[in-house]
Amino acid sequence: AQKVTQAQTEISVVEKEDVTLDCVYETRDTTYYLFWYKQPPSGELVFLIRRNSFDEQNEISGRYSWNFQKSTSSFNFTITASQVVDSAVYFCALSERSGANNLFFGTGTRLTVIP
Amino acid sequence: DGGITQSPKYLFRKEGQNVTLSCEQNLNHDAMYWYRQDPGQGLRLIYYSQIVNDFQKGDIAEGYSVSREKKESFPLTVTSAQKNPTAFYLCASSITWAKNHQNTGELFFGEGSRLTVL
C-alpha cells in the first residue's frame, strides 16, 4: 500500500536559517512520482516540484533544493536562508503510475519563520 | 487569468441539510478532483473525474456526490448522510494522458471552501 510520512508536524526557525523538511514514502510500484506542495494561509496548494522514480538527481531552484534517495525512500526538501514568506504548510505527495489516479498526501509540516 | 474558482469560500450549514460546493476551471483540463482537508490529516480524496460524464469514488466518498456534465465544472454535494462534514474542501484539476486515463502531472488547486455545520 502507498503511504507518505511527514514526521515533523511543526517547525519554527529564525529568518535566514536553513531548514529541511522530511518526507518518507512507501510504494510497491516501480514507477511513481513524488511532489512537494506549499499551502500558504490563503488556502490553495501551490506546486513546487515533481520527481519521477527514475530520476534521482537532486534539484535546486533558487533557495529551494530537493534530495531524492530511493535507497531510503526519502524525498527531503531544504530551504536555504529562510524568509518570513516561506511560512506555510508544506505537503509531500506520491502518485503511482498504476492504480488509481490520485495523489497520496502526507499530513503536512507547518513551517513558521520568525523574523 | 487561467485557474480554478471555488465558491463559496465560507459556508455554514445546519445539520440535515445538503449543500453544494462549486468548482469551475478554465485551464482546459480533463481531470478534476475533490479533496477534504482536516487538521493533522493531510488531504484525502473524495471523488475524481477524468472525463466528462464519468467520475470515480476516492478514499472517503461516503456522504458525498458529484456530477461532471461539463468539462469546466465539477460540483460537490455534501449530503446529510455525511456524518462529520465540517472541513476545508479543495478542488483541483490536471491534464491527463489520453492512454488509460493515467495522470502523473501536477494538480492545480483552488483556494478552497470552508464548510461549517452548526
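Located above this text is the structure these notes cover.
These lines cover the structure that appears in this document, whether it is placed above or below. This one's a predicted model, so the numbers in the text were calculated from it and none came from an experiment. Position numbers for residues start from 1 in each chain and track the written sequence from start to end. Written order decides the labels, with chains lettered from A and ligands numbered from 1. A pLDDT threshold of at least 70 governs which residues receive local features in this predicted model, and a stricter bar of 80 or more applies before side-chain atom pairs are shown or counted, although totals over entire chains, interfaces and linings include all residues. Side-chain measures were taken over the full set of non-hydrogen atoms in the model, leaving aside hydrogen atoms and water.

### Description of the overall build of chain B
Okay, step 1: The secondary structure listing takes helices from DSSP runs of H or I that are at least 4 residues long and strands from runs of E that are at least 2 residues long, numbered from the N terminus. From N to C terminus, chain B includes 0 helices and 11 strands.
Okay, step 2: Expressed as lengths along the three principal axes of its C-alpha atoms, the size of chain B is roughly 45 × 30 × 30 Å.
Okay, step 3: Across the 118 residues in chain B, those meeting the buried criterion constitute 50%.
Okay, step 4: When checking whether two residues touch, look at their non-hydrogen atoms; a contact exists if any pair is within 4.5 Å. A separation of at least 24 residues holds for 55% of the contacts in chain B among residues at least 6 apart in sequence.
Okay, step 5: Method for areas: the Shrake-Rupley scheme with a 1.4 Å probe, in which residue coverage is limited to the protein chains shown. Entry remark: accessible area of chain B is about 5900 Å², with carbon and sulfur atoms responsible for 47%.
Okay, step 6: Under the convention used here, Asp and Glu are negative, Lys and Arg are positive, and both His and the chain ends fall outside the count. A single reference atom marks each charge: NZ on Lys, CZ on Arg, CG on Asp, CD on Glu. The averaged location of the 12 negative side-chain charges in chain B is 5 Å from the averaged location of its 12 positive side-chain charges. Burial classification: accessible surface area is computed with a 1.4 Å probe over protein chains only, and a residue below 20% of its type maximum counts as buried, one above 50% as exposed, and the rest as partly exposed.

### A short note on the side chain of B:Thr77
All names here are of chain B.
Okay, step 1: With respect to the helices and strands, the residue Thr77 is situated in strand β8 (residues 76-78).
Okay, step 2: Assessed through its relative accessible area of 19%, Thr77 is described here as buried.
Okay, step 3: A distance of 2.9 Å separates a polar atom in the side chain of Thr77 from a polar atom in the side chain of Thr20.
Okay, step 4: Residues in contact with Thr77, not counting those within four places in the same chain, are Asn18, Val19, Thr20, Gly63, Tyr64 and Ser65. Side-chain atoms alone can form a polar contact between residues adjacent in sequence; in general such a contact is a pair of N or O atoms within 3.5 Å, and within protein one must be able to donate a hydrogen while the other accepts it.

### Points about the environment of A:Ala93
All names here are of chain A.
Okay, step 1: Along the chain, the position of Ala93 falls in strand β10 (residues 88-96).
Okay, step 2: Judged by its relative accessible area of 0%, Ala93 falls in the buried class.
Okay, step 3: On a C-alpha basis, the gap between Ala93 and Phe105 in space is 4.3 Å, while along the polypeptide they are 12 residues apart.
Okay, step 4: Once you skip the residues sitting within four places of it in the chain, Ala93 turns out to touch Val4, Tyr33, Leu34, Phe35, Leu103, Phe104 and Phe105.

### Thoughts on the sheet that holds β8(B)
What holds strands together in a sheet is hydrogen bonding between their backbones, with the strands either parallel or antiparallel.
Residues and elements named next belong to chain B.
Okay, step 1: Pairing between strands requires that DSSP locate at least two bridges from one strand to the other. With antiparallel pairing, the 4 strands of this open sheet are ordered in space as β1-β3-β8-β7. Every interior strand has two partners, whereas the edge strands, β1 (4-7) and β7 (64-66), have only one. Averaged over neighbouring strand pairs, the angle between their axes works out to 20° when direction is ignored.
Okay, step 2: In the sheet, β1 pairs with strand β3 (residues 19-25) via 4 bridges, with the strands oriented antiparallel. Considered in β3, the bridge of Ser7 is made with Ser22. Axis geometry follows a simple rule: fit a line to the C-alpha atoms, using only the stretch in contact for helices, then measure angles between N-to-C directions, giving values from 0 to 180 degrees.

### Structural notes on the state of the cysteines
Residue and element names in this part refer to chain B.
Okay, step 1: In this description, the term disulfide denotes a pair of cysteine sulfurs within 2.5 Å. Here the structure, examined in full by the defined rule, presents 2 disulfides over all chains.
Okay, step 2: Covalent S-S linkage joins Cys23 and Cys91, the inter-sulfur distance amounting to 1.9 Å. The disulfide joining Cys23 to Cys91 has a torsion of about -75° about its S-S bond and is therefore left-handed. Placement of Cys23 in strand β3 and of Cys91 in strand β9 (residues 87-94) is noted, with a sequence separation of 68 residues between them.
Okay, step 3: For Cys91, a relative accessible area of 0% translates into the label buried.

### Let's talk about the pairing of β9(B)
Residue and element names in this part refer to chain B.
Okay, step 1: Counting buried residues along β9, 8 of its 8 residues qualify, which places the element largely inside the surrounding structure.
Okay, step 2: Of the two faces of β9, the one lined by Ala87, Tyr89, Cys91 and Ser93 and the one lined by Phe88, Leu90, Ala92 and Ser94 are each fully buried.
Okay, step 3: By the bridge criterion, 7 bridges tie strand β4 (residues 31-37) to β9 in an arrangement that is antiparallel. Its bridge partner being in β9, Ala31 is matched across the sheet by Ser94.
Okay, step 4: Direction of pairing for β9 relative to strand β11 (residues 113-117): antiparallel, over a ladder of 3 bridges. Looking at the pairing, Phe88 lines up with Arg114 of β11.
Okay, step 5: One ladder, built from 2 bridges, connects β9 with strand β10 (residues 108-109); its direction is antiparallel. Looking at β10, one finds that Ala92 is bridged to Phe109.

Just geometry here; none of it tells us what the structure is for.
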